[in-house]
Structures are given as structure tokens and as C-alpha cells.
Amino acid sequence: MGITVVEVTKKFGDFVALDDVSVAIPEGSLTALLGPSGSGKSTLLRVIAGLEEPDGGQVLLGDDDVTHQPARARGVGMVFQHYAAFKHMTVWENVAFGLKVRKRPKPEIANRVHELLELVQLEGLAKRYPAQLSGGQRQRMALARALAVDPEVLLLDEPFGALDARVRKELRAWLRRLHDEVHVTTIIVTHDQEEAMEVAGQIVVINQGRVEQVGTPRELYDSPANEFVMSFVGPVNKIGDTFVRPRDISLSLEPDGESTEAMVERVVHLGFEVRAELVRDDGQHLLAQLTQEEAQALELERGLIVYVKPSRQTVFTR
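Since we're looking at a predicted model, the values are computed, not measured.

Caption draft 1: Just the overall build of the protein chain, in detail. A count of helical and extended segments in the protein chain gives nine helices and 18 strands. Judged by the C-alpha coordinates and their principal axes, the protein chain covers about 75 × 45 × 30 Å. By the burial criterion, 47% of the 318 residues in the protein chain qualify as buried. A separation of at least 24 residues holds for 63% of the contacts in the protein chain among residues at least 6 apart in sequence. When the accessible surface of the protein chain is summed, it comes to about 16000 Å², and 48% of that surface belongs to carbon and sulfur atoms. When the 36 positive and 47 negative side-chain charges of the protein chain are each reduced to one mean point, those points stand 9 Å apart.

Caption draft 2: Local environment of the pairing of strand S17 (residues 305–310). Where strand S13 (residues 249–252) and S17 come together, four bridges link them in antiparallel fashion. Looking at the pairing, Ser252 lines up with Tyr307 of S17. Sheet topology places strand S14 (residues 260–270) next to S17; four bridges connect them, and they run antiparallel. From the neighbouring strand, Glu261 faces S17, where its bridge partner is Tyr307.

Caption draft 3: Local environment of the nonpolar core. In this structure, Val95, Leu175 and Ile203 are the most contacted members of the largest nonpolar core, which totals 44 residues. Among the elements that line this core, the one with the most residues is helix H4 (residues 135–147), at six residues. For Val95, the contacting residues outside a window of four places in its chain are Val113, Leu116, Leu117, Met141, Ala144, Arg145 and Ala148. Counting residues in each nonpolar core, the second largest holds 23 residues, with Leu18, Val47, Ala49 and Ile187 among its members.

Caption draft 4: Seen up close, the sheet that holds strand S16 (residues 285–291). The sheet built from five strands is open, its strands ordered S13-S17-S14-S15-S16 with antiparallel pairing. Taken across any chain shown, the strands that pair with only one partner, and hence form the sheet edges, are S13 and S16. Here the average twist between neighbouring strands, direction ignored, is 45°.

Caption draft 5: Broad picture of helix H1 (residues 41–49). For H1, the tally of buried residues reaches seven of nine residues, placing the bulk of the element in the interior. Those residues of H1 lying buried are Lys41, Thr43, Leu44, Leu45, Val47, Ile48 and Ala49.

Caption draft 6: Looking closely at the packing of H4 against helix H5 (residues 165–182). At their nearest, the axes of H4 and H5 sit 10 Å apart, and the two run at 25° to each other. Of the possible angle classes, the one that applies to H4 and H5 is roughly parallel. For the crossing formed where H4 meets H5, the hand is right-handed. Across the interface between the two elements, Gly136, Gln139, Arg140, Leu143 and Leu147 of H4 pack against Val167, Leu171, Trp174 and Leu178 of H5.

Caption draft 7: Fine view of the side chain of Glu158. As for its placement among the helices and strands, Glu158 is situated in the loop between strand S7 (153–157) and H5. Although buried, Glu158 forms no salt bridge, and the nearest oppositely charged side chain, Lys41, lies 4.4 Å from it.

Caption draft 8: Region of interest: the sheet that holds strand S5 (residues 64–65). An order of S2-S1-S4-S5 is seen for the four strands of this open sheet, with the pairing classed as antiparallel. Two strands close off the open sheet at either side, each with one partner strand: strand S2 (15–25) and S5. In terms of strand pairing, strand S1 (residues 3–12) meets strand S4 (residues 56–61) through five bridges, oriented antiparallel. Its bridge partner being in S4, Val6 is matched across the sheet by Gln58. Set on the sheet, H1 makes contact with S1, S2 and S4; between it and S1 the angle comes to about 115°.

Reading the values: the criteria
Residues numbered from 1 in each chain as written. Predicted model: local features only at pLDDT ≥ 70, side-chain atom pairs only at ≥ 80, totals over all residues. Heavy atoms only, no water. Helix = DSSP H or I, 4+ residues; strand = E, 2+ residues; numbered from the N terminus. Buried < 20%, exposed > 50% of the residue type's maximum accessible area, 1.4 Å probe, protein only. Contact = heavy atoms within 4.5 Å. Areas by Shrake-Rupley, 256 points an atom, 1.4 Å probe, with all protein chains shown as cover. Lys, Arg positive; Asp, Glu negative; His and termini not counted. Charge placed at Lys NZ, Arg CZ, Asp CG, Glu CD. Pairing = 2+ DSSP bridges. Core = buried A, V, L, I, M, F, W, Y, C linked by side-chain atoms within 4.5 Å. Axes fitted to C-alpha atoms, helices over the stretch in contact; angles between N-to-C directions. Parallel < 35°, antiparallel > 145°, perpendicular 65-115°, else oblique. Left-handed = near helix turned anticlockwise from the far one by under 90°. Salt bridge = Lys/Arg side-chain N within 4 Å of Asp/Glu carboxyl O.

Written as C-alpha cells, this is what we have:
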């Protein structure tokens, strides 16, 4: 089921949380709402879920206008940053809860819970209580519970925000694989650019209650609509009025008439990638991204003098 948001506005007192927001979420897609804290992304998710009613505009699930329908009537599953598990219930009982409320037959509940625990790789932990699980396991349980009632839309509000970096990375890959299996239209709210780029097929960039740009990760990175998107989606160097991605900074050991002298302040090795922190002779700090082979050819190290030239620059007209 696709989701269409049409000219939605939402205020909290004098604060405008959503300002004439329109966006289309394709059926079966995994879309990220990406923006800084206070940008309106969680408010938009809550409006779609039916937890907040907009002051104006429409929300459509498929062809149905659900703008004024309560959350329970929308067939939406939600997972929040904090798991909100029933502490006195086992994993099996937590996942089965929504099915029991809907008075499904016991054999159906048993089959569905078994199927979901297998899907989220918790089949051996069915008898444990939430306190006996790791953070990543609790979040997978929360996803299973949300999927138990076959929602047509799955909404995730900063679902990995309370987890450490290693577990977050593991769960991103797991969520992508899960989505490829279940194909439920999914929206994930995040302020983490890397998370959005890694997980989502479509990203909606939100700032100050407005949609700045909608596109694939590559479109946002390579063809940003404005300065905000360029600066927020991925690292960037600002040189005067121009913006240059770190990967578009070329380094050499000899000047060529167009390059600028710089000194290497720090070299960071990240697997196949090397990041060099530089300071130009005019005091401008830059970040360059190279392959391991390029760094080795330059014998890149702290204190080395190199010559810097942008291979691609972006300028936005005001």
C-alpha cells in the first residue's frame, strides 16, 4: 500500500512543525525521513500513523483518505526507539499479544509467532523475557510484534537510536534483508545520514518542517537540490561559495598551476578507504577521500606537503 501526504501542516502553539508538506511513498518501498533534530520528521511519521491529526492537508493510504481516522483503524505497525515491551511477558507472548487481542485462533497464533521468530532470528529465545535479551534482540522482537498483525504499512521512529554503533550497523543490514522478504511499505525516521543512505531506496530530506528534496541516496549525494542537502547528506568541503565532496579532492606531490599547497594534518584508514585531513596555506581545512592504493602511491602521512585541486565543484545560485 502506497502512502500519499498532501499539503500537510501541523502546529504546536506558535511552532510550525510541518509546513505544507507533500510526499509520495511508493507501495512496497523502504523510505527514510532524514533531517536534523526538530526538523519535523517524527511529527510527519506520527501524522501518517494517526497519532497526531494535521491542522490542514490530507493523508492517504492507498486510495483511502485516513486523515481523520484513529491510529487503530489504519492497519499500521509502529516501532519506536524505546522498545515498550511487556516486561512480564516472554518473547513469544510479546509477539503474540496483538493476535490475541484480535482473538485469532490459537493454531493460527502459534504458526504466525513461530514464523515471525524464525524470520527475525529469535526462534531459540521464545521463552526468554525482554530483560534477558540484548538491545538488538529486543528491537528485533519489537519488529516481529509489529509485523504479527500483517500491517500494510510499517513505521519505524529512530528504531536503532538507543543501540551502540556495531549493533546499529548489523541491524541496518538485517532490516534491509527483512524488507526484501516481506515487502511491507516501510518508513524509517532517522537523523543519521549513513543509516538512511545504507537502508533506504528513497530518502525524504526534511528541514524546518519542509521537504528539501526526495530522491535515491545517489541522487541526493551527487545531485543535491540546495546547500542544505549538500551539507547534510554526506561530508562536504565549503570553499568560498563552492561545495566539494571529499572524493572530488585530488592530491598530488607536484603543483600544476591550478592546485593549492596544503599540509596533511591527519590520516585515517577505514578499510579500503583513506581519509586525509588537510590544511591549505591560507588556513582552510579540507577533507579528502582516497583509496588505499592512492594513499600508498603518495606515501600519505602527517606533515606531508601536497597539492590540492577540486576535480568537481558545485555552486548554488541564491
